[in-house]
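Structural overview
Spelled out, the chains give:
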Amino acid sequence: MNPFDATEKSREQKKILQNNLESVLARVARALETTAEPHREVTLVAVSKKQPLEKIQALAGLGQVHFGENYVQEALGKMENIGDYNTRWHFIGGLQTNKARHVAGKFSMVHSVDSLKLARELNKKAKSLNIVQPVLIQVNLAGESQKYGVPEKDLPELSEAVLDLDHLRLDGLMVMPPFFDDPEKSRPFFSRLKRLRHDLEQNLGINMPHLSMGMSGDFEAAVEEGATIIRVGTSLFGTR
Ligand SMILES: *Cc1c(COP(=O)(O)O)cnc(C)c1O
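Bear in mind the structure is a predicted one, so any value in this text is a computation, not a measurement.

A word on the layout of surface pockets
Space inside the largest pocket adds up to approximately 430 Å³. Residue lining of the largest pocket: 24 residues in total, with Met-176, Phe-179, Met-215, Ser-216 and Gly-217 positioned closest to the centre. Secondary-structure elements contributing two or more residues to the lining of the largest pocket are helix 7 (183-204) and strand 9 (229-232). Here the residues of the lining of the largest pocket are counted per class, giving 11 nonpolar, six polar and seven charged. Considering only enclosed or pocket space, the second largest pocket measures out at about 210 Å³ in volume. Taken together, Asn-70, Tyr-71, Val-72, Gln-73, Phe-91, Gly-93, Gly-94, Leu-95, Gln-96, Lys-99 and Tyr-148 make up the full set of residues lining the second largest pocket.

Shown next as structure tokens:
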């Protein structure tokens, strides 16, 4: 490719990303308007797994701050090389206990805490860094055995245990419903997650501000059901 074509291509790519970003933000705003709390803050996490650094930099250059990654090594490499942009990183993938020490302190939020063992490892690392790590508990509401997340029946016990860990701050819950091609099928999972947060807040006497739910195929339904964080990849970056 000659330099002219390369510049042209990157300009074209930036234009597409800008259109995608504007479109997603407009759809979020429209969905919010239909709710009982139109002023709720909804954070858009741009899911950048398997996307090249140039596209992440282009989106960051357009003002997108929050990025979500699923794989530890890939994420750390991108964070190191992103350059001088205002970015915050979210760990949203399944996390093995033996990788927890690479994650605590590096991410603004870990969305995928699903076992006490994992929570303890994150806490241990956070303690050694003398920080408090914000986390969400991922709930497996469909009971799918291959998916990450704590089974719903074990959520109260895990929540209580996480609250006892001084170097973690439990900010809320995350869900990833099974894949549906109809967003209405995801909706009951979103309303269920909100209900579970409410019950935990009541029973444990705590405040958990965040519900991380909604992806490219269903983020409007999630916003309508109370999401404060949506995780959107394909609708922003295109296919992976
Ligand atoms: C990949 C991924 C997303 C984004 O999915 P899209 O359909 O591309 O928007 C959101 N959340 C999690 C946990 C993911 O792994």
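Moving on from the model shown.
Quick look at the pattern of salt bridges
Summed over all chains, the structure comprises 13 salt bridges. Residue Lys-124 pairs with Glu-121 through a salt bridge whose shortest N-O separation is 3.8 Å. Here Glu-121 and Lys-124 lie together in helix 5 (residues 116-129), a separation of three residues that amounts to about one turn. For Lys-124, a relative accessible area of 55% corresponds to the exposed category. Ionic pairing is found between Glu-224 and Arg-187, a salt bridge with its closest N-O pair at 2.7 Å. Pair noted here: Glu-224 is in helix 8 (residues 219-224) and Arg-187 is in helix 7, with a separation of 37 residues, a long-range link. Classification of Arg-187 by relative accessible area gives buried; the value is 19%.

As for the site of the ligand
What surrounds the ligand is the set Val-47, Lys-49, Asn-70, Ile-92, Met-176, Met-215, Ser-216, Arg-231, Val-232, Gly-233, Thr-234 and Arg-240. Burial of the ligand by the surrounding chains reaches 91%, relative to a free accessible area of 390 Å². Spatially, the ligand is embedded in the largest pocket. Of the residues that constitute the shell around the ligand, the class distribution is five nonpolar, four polar and three charged.

Describing the packing of helix 6 (residues 155-163) against helix 7
Closest axis-to-axis distance for the helix 6/helix 7 pair is 11 Å, and the angle between their directions is 55 degrees. Relative to helix 7, the element helix 6 lies oblique. Judged by the twist between their axes, the crossing of helix 6 over helix 7 is right-handed. Residues Leu-155, Pro-156, Ser-159, Glu-160 and Leu-163 of helix 6 touch helix 7, and the partners they reach there are Leu-196, Leu-200 and Leu-204. Its residues assigned to classes, the contact of helix 6 with helix 7 comprises six nonpolar, one polar and one charged.

Looking at the nonpolar core
Within the largest apolar cluster, 61 residues are counted, with the highest numbers of intra-cluster contacts made by Leu-122, Ile-137, Leu-173, Ile-230 and Leu-236. With six residues, helix 1 (residues 3-33) is the single largest residue contributor to this core. Filtering out sequence-adjacent residues up to four positions away, Ile-137 remains in contact with His-111, Val-113, Val-150, Leu-155, Leu-158, Ser-159, Val-162, Leu-170, Gly-172, Leu-173 and Met-174. Among the nonpolar cores identified, the runner-up in size contains five residues, and Val-45, Leu-136, Met-174 and Ile-229 belong to it.

Looking at the side chain of Ser-216
Topologically, Ser-216 is positioned in the loop between strand 8 (210-212) and helix 8. Of the residues examined, Ser-216 reaches a relative accessible area of 19% and is grouped as buried. A distance of 3.0 Å separates a polar side-chain atom of Ser-216 from the backbone nitrogen of Ser-235. Look past the residues within four positions of Ser-216 in its chain and what remains in contact with it is Arg-27, Arg-231, Val-232, Gly-233, Thr-234 and Ser-235.

Description of the side chain of His-90
Looking at where His-90 falls in the secondary structure, it is placed in strand 3 (residues 88-91). Apart from residues lying up to four places away in sequence, His-90 is in contact with Val-45, His-66, Phe-67, Gly-68, Glu-69, Phe-107, Met-109 and His-111.

A few points about the pairing of strand 7 (residues 168-175)
Across the eight residues that make up strand 7, a large majority, seven, are buried. Here strand 5 (residues 133-140) runs beside strand 7; their pairing, made up of seven bridges, is parallel. By the bridge assignment, Val-135 is partnered in strand 7 with Leu-170. As paired elements, strand 7 and strand 8 share three bridges and run parallel to each other. In the strand pairing of strand 8, Leu-173 is matched with Leu-211. Since strand 7 and strand 8 lie parallel, the crossover through helix 7 that links them has a hand, and here it is right-handed.

About the thresholds
Residues numbered from 1 in each chain as written. Predicted model: local features only at pLDDT ≥ 70, side-chain atom pairs only at ≥ 80, totals over all residues. Heavy atoms only, no water. 1 Å grid on protein atoms, 1.4 Å probe; cavity = no way out; pocket = protein on both sides within 12 Å on 5 of 7 lines; lining within 4 Å. Points joined across faces, edges and corners; volume = space filled by probe spheres on them. Helix = DSSP H or I, 4+ residues; strand = E, 2+ residues; numbered from the N terminus. Nonpolar A, V, L, I, M, F, W, Y, C, P; charged D, E, K, R; others polar. Salt bridge = Lys/Arg side-chain N within 4 Å of Asp/Glu carboxyl O. Buried < 20%, exposed > 50% of the residue type's maximum accessible area, 1.4 Å probe, protein only. Near = heavy atom within 4 Å. Areas by Shrake-Rupley, 256 points an atom, 1.4 Å probe, with all protein chains shown as cover. Sits in = over half its atoms within 2 Å of the grid points. Axes fitted to C-alpha atoms, helices over the stretch in contact; angles between N-to-C directions. Parallel < 35°, antiparallel > 145°, perpendicular 65-115°, else oblique. Left-handed = near helix turned anticlockwise from the far one by under 90°. Contact = heavy atoms within 4.5 Å. Core = buried A, V, L, I, M, F, W, Y, C linked by side-chain atoms within 4.5 Å. Polar contact = N/O pair within 3.5 Å; in protein donor to acceptor, adjacent residues only side chain to side chain. Pairing = 2+ DSSP bridges. Right-handed = clockwise from strand over helix to strand, strands pointing away.

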